[in-house]
Amino acid sequence: METNTASLICQQLNCGKKKNVALKGTATQSSQYDSYGAAGNAIDGNRNTKYTDGSCTHTKQDSKPWWRLDLQDVFTVTSVTITNRGDCCSERINGAEIRVGNSLDDNGNQNPLYTVLLSLLSSSFQCNWTMGRYVNVVLPKSGILTLCEVEVNGHDSSGWYKPERCLSY
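Here is what the cut-offs are and how they apply
- Residues numbered from 1 in each chain as written.
- Predicted model: local features only at pLDDT ≥ 70, side-chain atom pairs only at ≥ 80, totals over all residues.
- Heavy atoms only, no water.
- UniProt positions renumbered as here; feature names shortened; annotations may be inferred.
- Helix = DSSP H or I, 4+ residues; strand = E, 2+ residues; numbered from the N terminus.
- Buried < 20%, exposed > 50% of the residue type's maximum accessible area, 1.4 Å probe, protein only.
- Contact = heavy atoms within 4.5 Å.
- Areas by Shrake-Rupley, 256 points an atom, 1.4 Å probe, with all protein chains shown as cover.
- Salt bridge = Lys/Arg side-chain N within 4 Å of Asp/Glu carboxyl O.

- As annotated in an unreviewed UniProt entry, the chain carries the name Fucolectin tachylectin-4 pentraxin-1 domain-containing protein and comes from Scleropages formosus.
- Taken from UniProt, the Function (unreviewed entry) comment for the chain reads in full: "Acts as a defensive agent. Recognizes blood group fucosylated oligosaccharides including A, B, H and Lewis B-type antigens. Does not recognize Lewis A antigen and has low affinity for monovalent haptens."
- What UniProt records for the chain under Subcellular location (unreviewed entry) is the sentence "Secreted".

In structure tokens:
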């Protein structure tokens, strides 16, 4: 069964409860296609994948479309879950980069690379203590970016946590 959700899970020791820190953040994006496609729709807690129901983002055709979440503080990111559009156009997300860091240079699109979404299939990668205030999803080519939900699980960066490995499923 094909799913529209890609979850990048970081398995950690002593990381405490899983908490979606995105819900208290603010979102912005490179452009907005129409009234349905606001950036904040991706952090409304609703995984609905039908665009016209009003819970997905949608940029215009941009040279390098991006979406950015400001977590309002620095967090150690333990997982990022992206829910893709399901009613059409799911291939638009292919090649999108997830970046996590503290810089707003190039709208945050130069922050350290967390992973690349080659598809919504599984892949494995190392976390390497991913910390930051900003979580970006950027398509490094001309196109349209649509996201239906972005969940960022993490914890306050003041504790000591040891990542073991990260998985994408």
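1. Quick look at the overall build of the chain
- Looking only at helices and strands, one finds 0 helices and 9 strands in the chain.
- For the chain, the sequential pattern of α-helices and β-strands runs β-β-β-β-β-β-β-β-β.
- Counting across all 169 residues of the chain, residues that qualify as buried make up 50%.
- If you take every contact in the chain between residues at least 6 apart in sequence, the share linking residues at least 24 apart comes to 79%.
- Roughly 8200 Å² of accessible area belongs to the chain as shown, and the carbon and sulfur atoms make up 47% of that amount.

2. Quick word on unusual backbone geometry
- With a phi close to 50 degrees, Asp106 is a non-glycine residue in the positive phi region.
- Mapping Asp106 onto the fold places it in the loop between β4 (96-101) and β5 (113-117).
- Positioned with a positive phi, Asn107 is a non-glycine residue whose angle comes to about 60 degrees.
- Structurally, Asn107 is set in the loop between β4 and β5.
- When its relative accessible area of 34% is taken as the criterion, Asn107 is described as partly exposed.

3. Looking at the pattern of salt bridges
- Evaluation of the coordinates by the stated rule reveals 5 salt bridges.
- The salt bridge partner of Lys64 is Asp106, with a shortest N-O separation of 2.8 Å. With Lys64 in the loop between β2 (26-29) and β3 (66-83) and Asp106 in the loop between β4 and β5, this pair connects stretches of sequence that are 42 residues apart.
- Relative accessible area serves as the criterion here: at 29%, Lys64 is assigned to the partly exposed category.
- Using a relative accessible area of 36% as the deciding quantity, one classes Asp106 as partly exposed.
- Ionic pairing is found between Glu97 and Arg99, a salt bridge with its closest N-O pair at 2.9 Å.
- Accessibility expressed as a relative area gives 16% for Glu97, which makes it buried.
- Judged by its relative accessible area of 15%, Arg99 is buried.

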